Amino acid sequence: MTAPALPVRTHGRLFLVKLSLVVPAFNEEGALPELLARVQDVLESLPADWEVVVVDDGSTDGTWAVIEAAAQRDERVRGIRLSRNFGHQVALTAGLSSATGDQIVTMDGDLQHPPETIPALVEKAAEGFDVVYAVRSQSDVEGAFKINSARLFYRTVNLLTSLDLPVGGADFRLMSRRVVDALLLMPERHRFLRGMTRWVGFPQASVEYNRDARFQGQSKYTLRAMVRLAIDAIVGFSALPLRLASMLGILLAFLGSLYFLYVIGVRLFSDSAVEGWTSVVGVTLVLGGVQLACIGIIGQYLGRMYDELKNRPLYVVQAETERSAAVARAADGPARQPAGPLSRS
(Lines give C-alpha, C1' and ligand atoms only; values in the text may rest on other atoms or scores of the structure.)
Protein backbone atom coordinates (compact mmCIF):
# COMPACT_ATOMS: atom_id res chain seq x y z
CA MET A 1 0.00 0.00 0.00
CA THR A 2 1.08 3.57 -0.62
CA ALA A 3 1.96 6.01 2.13
CA PRO A 4 -0.94 7.82 3.77
CA ALA A 5 -2.08 11.16 2.42
CA LEU A 6 -1.79 12.96 5.73
CA PRO A 7 -2.57 16.65 6.14
CA VAL A 8 0.59 18.78 5.99
CA ARG A 9 1.58 22.19 7.25
CA THR A 10 3.13 24.90 5.07
CA HIS A 11 4.14 28.16 6.76
CA GLY A 12 2.03 27.21 9.75
CA ARG A 13 -1.14 26.57 7.75
CA LEU A 14 -2.84 23.21 7.34
CA PHE A 15 -3.48 21.88 3.83
CA LEU A 16 -5.53 18.85 2.78
CA VAL A 17 -6.09 17.28 -0.62
CA LYS A 18 -9.65 16.00 -0.08
CA LEU A 19 -11.74 15.19 2.96
CA SER A 20 -14.70 12.79 2.86
CA LEU A 21 -17.41 12.68 5.51
CA VAL A 22 -19.45 9.45 5.77
CA VAL A 23 -22.78 9.60 7.61
CA PRO A 24 -25.11 6.58 8.01
CA ALA A 25 -28.72 7.60 8.55
CA PHE A 26 -31.73 5.60 9.67
CA ASN A 27 -34.97 7.58 10.07
CA GLU A 28 -33.12 10.88 10.54
CA GLU A 29 -35.44 13.06 8.46
CA GLY A 30 -35.63 15.71 11.15
CA ALA A 31 -31.93 15.85 12.05
CA LEU A 32 -30.30 15.68 8.60
CA PRO A 33 -31.06 19.25 7.41
CA GLU A 34 -29.48 20.72 10.56
CA LEU A 35 -26.56 18.28 10.35
CA LEU A 36 -25.81 19.06 6.70
CA ALA A 37 -25.99 22.82 7.32
CA ARG A 38 -23.52 22.61 10.21
CA VAL A 39 -21.28 20.21 8.32
CA GLN A 40 -21.07 22.56 5.34
CA ASP A 41 -20.11 25.49 7.58
CA VAL A 42 -17.35 23.43 9.19
CA LEU A 43 -15.96 21.90 5.98
CA GLU A 44 -15.92 25.24 4.19
CA SER A 45 -13.56 26.51 6.87
CA LEU A 46 -10.99 23.83 6.07
CA PRO A 47 -8.36 24.34 3.34
CA ALA A 48 -9.45 21.27 1.41
CA ASP A 49 -11.83 19.89 -1.17
CA TRP A 50 -14.57 17.91 0.52
CA GLU A 51 -17.52 15.64 0.00
CA VAL A 52 -20.31 14.26 2.16
CA VAL A 53 -21.57 10.70 1.61
CA VAL A 54 -24.89 10.02 3.35
CA VAL A 55 -26.07 6.39 3.46
CA ASP A 56 -29.80 5.83 3.95
CA ASP A 57 -29.93 2.52 5.81
CA GLY A 58 -33.46 1.50 4.83
CA SER A 59 -35.27 4.45 6.43
CA THR A 60 -39.06 4.42 6.52
CA ASP A 61 -39.51 8.19 6.80
CA GLY A 62 -38.45 11.00 4.46
CA THR A 63 -34.70 10.60 4.99
CA TRP A 64 -34.00 9.77 1.33
CA ALA A 65 -35.96 12.79 0.11
CA VAL A 66 -33.82 15.02 2.35
CA ILE A 67 -30.64 13.44 0.95
CA GLU A 68 -31.77 13.88 -2.66
CA ALA A 69 -32.67 17.52 -2.06
CA ALA A 70 -29.28 18.20 -0.47
CA ALA A 71 -27.48 16.50 -3.37
CA GLN A 72 -29.36 18.66 -5.87
CA ARG A 73 -28.37 21.83 -4.02
CA ASP A 74 -24.69 20.89 -3.68
CA GLU A 75 -22.90 18.37 -5.89
CA ARG A 76 -20.45 17.67 -3.09
CA VAL A 77 -23.23 15.89 -1.19
CA ARG A 78 -23.85 12.35 -2.40
CA GLY A 79 -26.41 9.80 -1.32
CA ILE A 80 -26.62 6.01 -1.26
CA ARG A 81 -29.91 4.27 -0.47
CA LEU A 82 -29.74 0.67 0.72
CA SER A 83 -32.57 -1.69 -0.19
CA ARG A 84 -33.37 -2.39 3.49
CA ASN A 85 -31.94 -1.85 6.94
CA PHE A 86 -28.61 -3.70 6.92
CA GLY A 87 -27.38 -2.22 10.19
CA HIS A 88 -25.19 0.66 11.28
CA GLN A 89 -21.82 -1.03 10.69
CA VAL A 90 -22.71 -2.22 7.18
CA ALA A 91 -24.09 1.23 6.29
CA LEU A 92 -20.78 2.74 7.37
CA THR A 93 -18.97 0.23 5.17
CA ALA A 94 -21.15 1.22 2.19
CA GLY A 95 -20.20 4.84 2.72
CA LEU A 96 -16.50 4.04 3.10
CA SER A 97 -16.52 2.07 -0.15
CA SER A 98 -17.92 5.10 -1.96
CA ALA A 99 -15.78 7.79 -0.32
CA THR A 100 -12.99 9.16 -2.52
CA GLY A 101 -11.14 11.39 -0.04
CA ASP A 102 -7.56 11.15 1.18
CA GLN A 103 -8.92 11.54 4.71
CA ILE A 104 -12.28 10.06 5.73
CA VAL A 105 -14.32 11.03 8.78
CA THR A 106 -17.21 8.85 9.96
CA MET A 107 -19.92 10.13 12.26
CA ASP A 108 -23.57 9.47 13.17
CA GLY A 109 -26.44 11.46 11.76
CA ASP A 110 -28.24 12.29 15.03
CA LEU A 111 -26.02 15.32 15.86
CA GLN A 112 -24.62 13.72 19.02
CA HIS A 113 -21.33 13.79 17.15
CA PRO A 114 -20.84 17.56 16.72
CA PRO A 115 -19.40 18.48 13.29
CA GLU A 116 -17.44 21.28 14.98
CA THR A 117 -15.03 18.59 16.29
CA ILE A 118 -13.85 17.72 12.75
CA PRO A 119 -11.13 20.43 12.61
CA ALA A 120 -9.64 19.05 15.85
CA LEU A 121 -9.47 15.59 14.26
CA VAL A 122 -7.72 17.03 11.21
CA GLU A 123 -5.27 18.98 13.37
CA LYS A 124 -4.37 15.84 15.33
CA ALA A 125 -3.92 13.81 12.13
CA ALA A 126 -1.45 16.45 10.94
CA GLU A 127 0.89 15.26 13.70
CA GLY A 128 1.34 11.99 11.79
CA PHE A 129 -1.59 9.84 12.89
CA ASP A 130 -3.55 7.60 10.51
CA VAL A 131 -6.49 7.21 12.89
CA VAL A 132 -7.85 9.84 15.25
CA TYR A 133 -10.73 8.85 17.53
CA ALA A 134 -13.18 11.39 18.90
CA VAL A 135 -13.61 10.26 22.51
CA ARG A 136 -16.45 11.47 24.70
CA SER A 137 -15.43 13.65 27.62
CA GLN A 138 -16.45 12.86 31.19
CA SER A 139 -19.25 15.45 31.09
CA ASP A 140 -21.67 13.30 29.07
CA VAL A 141 -25.27 14.32 28.44
CA GLU A 142 -26.51 10.72 28.55
CA GLY A 143 -28.20 9.22 31.58
CA ALA A 144 -26.43 7.06 34.16
CA PHE A 145 -27.69 3.79 32.65
CA LYS A 146 -26.39 4.64 29.17
CA ILE A 147 -23.02 5.81 30.50
CA ASN A 148 -22.53 2.76 32.72
CA SER A 149 -23.67 0.28 30.07
CA ALA A 150 -21.25 1.84 27.55
CA ARG A 151 -18.37 1.59 30.02
CA LEU A 152 -19.28 -2.03 30.75
CA PHE A 153 -19.33 -2.71 27.00
CA TYR A 154 -15.80 -1.37 26.43
CA ARG A 155 -14.35 -2.99 29.53
CA THR A 156 -15.84 -6.37 28.62
CA VAL A 157 -14.56 -6.20 25.04
CA ASN A 158 -11.10 -5.06 26.16
CA LEU A 159 -10.98 -7.82 28.80
CA LEU A 160 -11.86 -10.62 26.38
CA THR A 161 -9.91 -9.34 23.35
CA SER A 162 -6.57 -7.68 22.67
CA LEU A 163 -8.08 -4.62 20.98
CA ASP A 164 -7.62 -2.07 23.80
CA LEU A 165 -10.44 0.12 22.48
CA PRO A 166 -10.54 3.72 23.72
CA VAL A 167 -13.46 4.00 26.14
CA GLY A 168 -16.07 6.29 24.62
CA GLY A 169 -14.58 6.08 21.11
CA ALA A 170 -17.70 4.93 19.21
CA ASP A 171 -17.69 5.46 15.41
CA PHE A 172 -16.70 9.14 15.32
CA ARG A 173 -13.17 9.13 13.93
CA LEU A 174 -10.85 10.23 11.14
CA MET A 175 -8.97 7.67 9.05
CA SER A 176 -6.33 7.93 6.36
CA ARG A 177 -6.87 6.47 2.91
CA ARG A 178 -4.64 3.48 3.57
CA VAL A 179 -6.57 2.59 6.73
CA VAL A 180 -9.89 2.70 4.86
CA ASP A 181 -8.45 0.61 2.03
CA ALA A 182 -7.31 -1.97 4.59
CA LEU A 183 -10.78 -2.04 6.18
CA LEU A 184 -12.44 -2.61 2.82
CA LEU A 185 -10.22 -5.64 2.21
CA MET A 186 -11.61 -7.32 5.34
CA PRO A 187 -14.57 -9.55 4.37
CA GLU A 188 -16.37 -9.98 7.71
CA ARG A 189 -20.17 -10.08 7.55
CA HIS A 190 -20.57 -9.43 11.29
CA ARG A 191 -18.65 -6.18 11.22
CA PHE A 192 -17.28 -4.35 14.25
CA LEU A 193 -15.54 -1.39 12.67
CA ARG A 194 -14.23 -0.03 15.96
CA GLY A 195 -12.27 -3.22 16.50
CA MET A 196 -11.31 -3.60 12.84
CA THR A 197 -9.87 -0.08 12.83
CA ARG A 198 -7.86 -0.91 15.93
CA TRP A 199 -6.72 -4.22 14.44
CA VAL A 200 -5.23 -2.76 11.23
CA GLY A 201 -2.75 -0.78 13.30
CA PHE A 202 -0.89 2.33 12.05
CA PRO A 203 -0.33 5.35 14.34
CA GLN A 204 -3.52 6.14 16.27
CA ALA A 205 -4.53 8.92 18.66
CA SER A 206 -7.64 10.49 20.17
CA VAL A 207 -9.16 13.86 20.97
CA GLU A 208 -11.91 14.61 23.46
CA TYR A 209 -15.24 16.21 22.61
CA ASN A 210 -18.45 17.08 24.41
CA ARG A 211 -21.29 15.01 23.04
CA ASP A 212 -24.54 16.84 22.42
CA ALA A 213 -28.03 15.58 23.14
CA ARG A 214 -29.89 13.89 20.30
CA PHE A 215 -31.50 16.42 17.98
CA GLN A 216 -34.70 14.38 17.99
CA GLY A 217 -36.01 10.86 18.59
CA GLN A 218 -34.49 8.01 20.55
CA SER A 219 -31.10 6.33 20.29
CA LYS A 220 -30.94 3.44 17.81
CA TYR A 221 -28.36 1.72 20.04
CA THR A 222 -30.62 0.04 22.56
CA LEU A 223 -29.37 -2.35 25.24
CA ARG A 224 -30.16 -5.25 22.92
CA ALA A 225 -28.12 -3.65 20.12
CA MET A 226 -25.21 -3.05 22.49
CA VAL A 227 -25.26 -6.71 23.60
CA ARG A 228 -25.34 -7.86 19.96
CA LEU A 229 -22.44 -5.54 19.09
CA ALA A 230 -20.46 -6.82 22.08
CA ILE A 231 -21.01 -10.43 20.96
CA ASP A 232 -19.85 -9.55 17.44
CA ALA A 233 -16.75 -7.87 18.90
CA ILE A 234 -15.84 -10.73 21.22
CA VAL A 235 -16.54 -13.57 18.78
CA GLY A 236 -14.92 -11.69 15.89
CA PHE A 237 -11.68 -10.88 17.71
CA SER A 238 -11.18 -13.54 20.38
CA ALA A 239 -11.27 -17.31 20.82
CA LEU A 240 -11.23 -16.86 24.61
CA PRO A 241 -14.90 -17.94 25.06
CA LEU A 242 -14.06 -21.28 23.46
CA ARG A 243 -11.06 -21.71 25.74
CA LEU A 244 -13.16 -20.78 28.77
CA ALA A 245 -15.77 -23.35 27.76
CA SER A 246 -13.05 -26.01 27.49
CA MET A 247 -11.60 -25.07 30.89
CA LEU A 248 -15.04 -25.15 32.46
CA GLY A 249 -15.65 -28.60 31.01
CA ILE A 250 -12.35 -29.88 32.42
CA LEU A 251 -13.11 -28.38 35.84
CA LEU A 252 -16.58 -29.95 35.99
CA ALA A 253 -15.20 -33.30 34.85
CA PHE A 254 -12.65 -33.14 37.69
CA LEU A 255 -15.30 -32.23 40.27
CA GLY A 256 -17.56 -34.98 38.92
CA SER A 257 -14.76 -37.52 39.34
CA LEU A 258 -14.23 -36.45 42.95
CA TYR A 259 -17.94 -36.79 43.64
CA PHE A 260 -17.98 -40.24 42.02
CA LEU A 261 -15.12 -41.36 44.30
CA TYR A 262 -17.02 -39.99 47.29
CA VAL A 263 -20.15 -41.96 46.37
CA ILE A 264 -18.13 -45.19 45.97
CA GLY A 265 -16.40 -44.61 49.32
CA VAL A 266 -19.69 -44.13 51.12
CA ARG A 267 -21.09 -47.26 49.52
CA LEU A 268 -18.07 -49.42 50.44
CA PHE A 269 -17.06 -48.11 53.86
CA SER A 270 -20.28 -47.06 55.55
CA ASP A 271 -23.57 -48.65 56.45
CA SER A 272 -25.65 -45.82 55.06
CA ALA A 273 -25.91 -46.00 51.29
CA VAL A 274 -26.53 -42.74 49.50
CA GLU A 275 -30.04 -42.66 48.18
CA GLY A 276 -28.89 -40.01 45.76
CA TRP A 277 -32.07 -38.75 44.15
CA THR A 278 -31.53 -35.08 45.05
CA SER A 279 -27.81 -35.08 44.35
CA VAL A 280 -28.18 -36.91 41.04
CA VAL A 281 -30.88 -34.53 39.83
CA GLY A 282 -28.85 -31.50 40.95
CA VAL A 283 -25.67 -32.67 39.24
CA THR A 284 -27.60 -33.55 36.08
CA LEU A 285 -29.19 -30.11 35.89
CA VAL A 286 -25.87 -28.34 36.46
CA LEU A 287 -24.02 -30.41 33.90
CA GLY A 288 -26.89 -30.09 31.41
CA GLY A 289 -26.92 -26.31 31.77
CA VAL A 290 -23.15 -26.06 31.33
CA GLN A 291 -23.27 -28.30 28.26
CA LEU A 292 -25.99 -26.19 26.65
CA ALA A 293 -24.04 -23.00 27.42
CA CYS A 294 -20.89 -24.43 25.85
CA ILE A 295 -22.84 -25.61 22.80
CA GLY A 296 -24.25 -22.11 22.50
CA ILE A 297 -20.75 -20.60 22.53
CA ILE A 298 -19.62 -23.01 19.84
CA GLY A 299 -22.81 -22.21 17.89
CA GLN A 300 -21.93 -18.51 17.84
CA TYR A 301 -18.66 -19.29 16.06
CA LEU A 302 -20.22 -21.88 13.73
CA GLY A 303 -23.04 -19.51 12.80
CA ARG A 304 -20.57 -16.83 11.77
CA MET A 305 -18.57 -19.35 9.75
CA TYR A 306 -21.81 -20.33 7.99
CA ASP A 307 -22.59 -16.69 7.18
CA GLU A 308 -19.10 -16.19 5.75
CA LEU A 309 -19.32 -19.33 3.61
CA LYS A 310 -22.56 -18.13 1.98
CA ASN A 311 -20.54 -15.21 0.56
CA ARG A 312 -23.53 -12.94 0.07
CA PRO A 313 -22.92 -9.24 -0.63
CA LEU A 314 -22.66 -7.08 2.45
CA TYR A 315 -25.49 -4.88 1.23
CA VAL A 316 -27.69 -4.13 -1.76
CA VAL A 317 -28.02 -0.60 -3.14
CA GLN A 318 -31.50 0.46 -4.17
CA ALA A 319 -30.66 3.93 -5.47
CA GLU A 320 -27.92 6.53 -5.62
CA THR A 321 -27.90 10.22 -6.32
CA GLU A 322 -26.79 10.89 -9.88
CA ARG A 323 -23.26 12.00 -9.15
CA SER A 324 -22.82 9.27 -6.54
CA ALA A 325 -23.43 6.62 -9.22
CA ALA A 326 -20.94 8.29 -11.55
CA VAL A 327 -18.25 8.38 -8.85
CA ALA A 328 -18.86 4.73 -7.99
CA ARG A 329 -18.34 3.71 -11.63
CA ALA A 330 -15.10 5.69 -11.77
CA ALA A 331 -13.66 4.30 -8.52
CA ASP A 332 -10.20 2.83 -9.12
CA GLY A 333 -8.81 -0.40 -7.72
CA PRO A 334 -10.40 -3.30 -5.83
CA ALA A 335 -9.22 -1.99 -2.44
CA ARG A 336 -11.95 0.65 -2.49
CA GLN A 337 -14.73 -1.84 -3.12
CA PRO A 338 -16.74 -3.46 -0.31
CA ALA A 339 -15.96 -6.99 0.78
CA GLY A 340 -17.92 -9.39 -1.40
CA PRO A 341 -19.86 -8.53 -4.55
CA LEU A 342 -22.02 -5.43 -4.40
CA SER A 343 -25.44 -5.80 -6.00
CA ARG A 344 -27.44 -2.89 -7.31
CA SER A 345 -31.05 -2.88 -8.39
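This section reports on the structure supplied with the text. (Residues numbered from 1 in each chain as written. Predicted model: local features only at pLDDT ≥ 70, side-chain atom pairs only at ≥ 80, totals over all residues. Heavy atoms only, no water.)

## Comments concerning the overall build of the protein
Regarding its fold elements, the protein presents 11 helices and 11 strands. Every one of the 345 residues in the protein was classed for burial, and the buried ones make up 46%. Looking at the protein alone, contacts between residues at least 24 apart form 83% of all its contacts between residues at least 6 apart. A total of about 17400 Å² of accessible surface is found on the protein, and carbon and sulfur atoms cover 60% of it. (Helix = DSSP H or I, 4+ residues; strand = E, 2+ residues; numbered from the N terminus. Buried < 20%, exposed > 50% of the residue type's maximum accessible area, 1.4 Å probe, protein only. Contact = heavy atoms within 4.5 Å. Areas by Shrake-Rupley, 256 points an atom, 1.4 Å probe, with all protein chains shown as cover.)

## So, the packing of helix α3 (residues 88-98) against helix α6 (residues 177-184)
Axis separation between α3 and α6 bottoms out at 10 Å; the angle between their running directions is 125°. The angle between α3 and α6 falls in the class oblique. In this structure, the crossing between α3 and α6 has a hand that is left-handed. Here α3 contributes T93, L96 and S97 to the contact with α6, which in turn contributes R177, V180, L183 and L184. Partitioning the contact of α3 with α6 into residue classes produces 4 nonpolar, 2 polar and 1 charged. (Axes fitted to C-alpha atoms, helices over the stretch in contact; angles between N-to-C directions. Parallel < 35°, antiparallel > 145°, perpendicular 65-115°, else oblique. Left-handed = near helix turned anticlockwise from the far one by under 90°. Nonpolar A, V, L, I, M, F, W, Y, C, P; charged D, E, K, R; others polar.)

## Side note on the side chain of T63
Residue position: T63 is located in helix α2 (residues 63-73). A polar side-chain atom of T63 sits 3.0 Å from the main-chain amide nitrogen of E28. Polar side-chain contacts of T63 include one of 3.3 Å to the backbone nitrogen of E29. Ignoring anything within four residues of it in the chain, the contact list for T63 reads A25, N27, E28, E29, L32 and D56. (Polar contact = N/O pair within 3.5 Å; in protein donor to acceptor, adjacent residues only side chain to side chain.)

## Description of the packing of aromatic side chains
Taken as a whole and judged by the stated rule, the model has 1 aromatic pair. Ring plane angle 80° and centroid distance 5.4 Å describe the contact between F172 and Y209, whose orientation is recorded as edge-to-face. Highlighted residues: F172 in the loop between α5 (144-160) and β8 (173-176) and Y209 in strand β9 (residues 204-209), separated in sequence by 37 residues. The same class applies to F172 and to Y209, which are both buried. (Phe/Tyr/Trp six-rings, centres within 6.5 Å; stacked < 30°, edge-to-face > 60°.)

## Focus: the nonpolar core
V52 and I118 are the most contacted members of the largest nonpolar core, which has 32 residues in total. Among the elements that take part in this core, helix α1 (residues 32-44) stands out by supplying 6 residues, more than any other. Non-local contacts of V52, meaning those with residues more than four positions away in its chain, are made with L21, L36, V39, L43, R76, V77 and R78. By size, the runner-up hydrophobic cluster in this structure holds 29 residues, among which are V131, L193, Y315 and V317. (Core = buried A, V, L, I, M, F, W, Y, C linked by side-chain atoms within 4.5 Å.)

## Looking at helix α4 (residues 118-125)
Every α-helix carries 3.6 residues per turn, so stepping three or four residues along brings you back to the same face. Residues of α4 that are buried: I118, L121, V122 and A125. Down the axis of α4, the buried side of the element spans an arc of 95°, and every buried residue falls inside it. (Arc of directions from axis to C-beta.)

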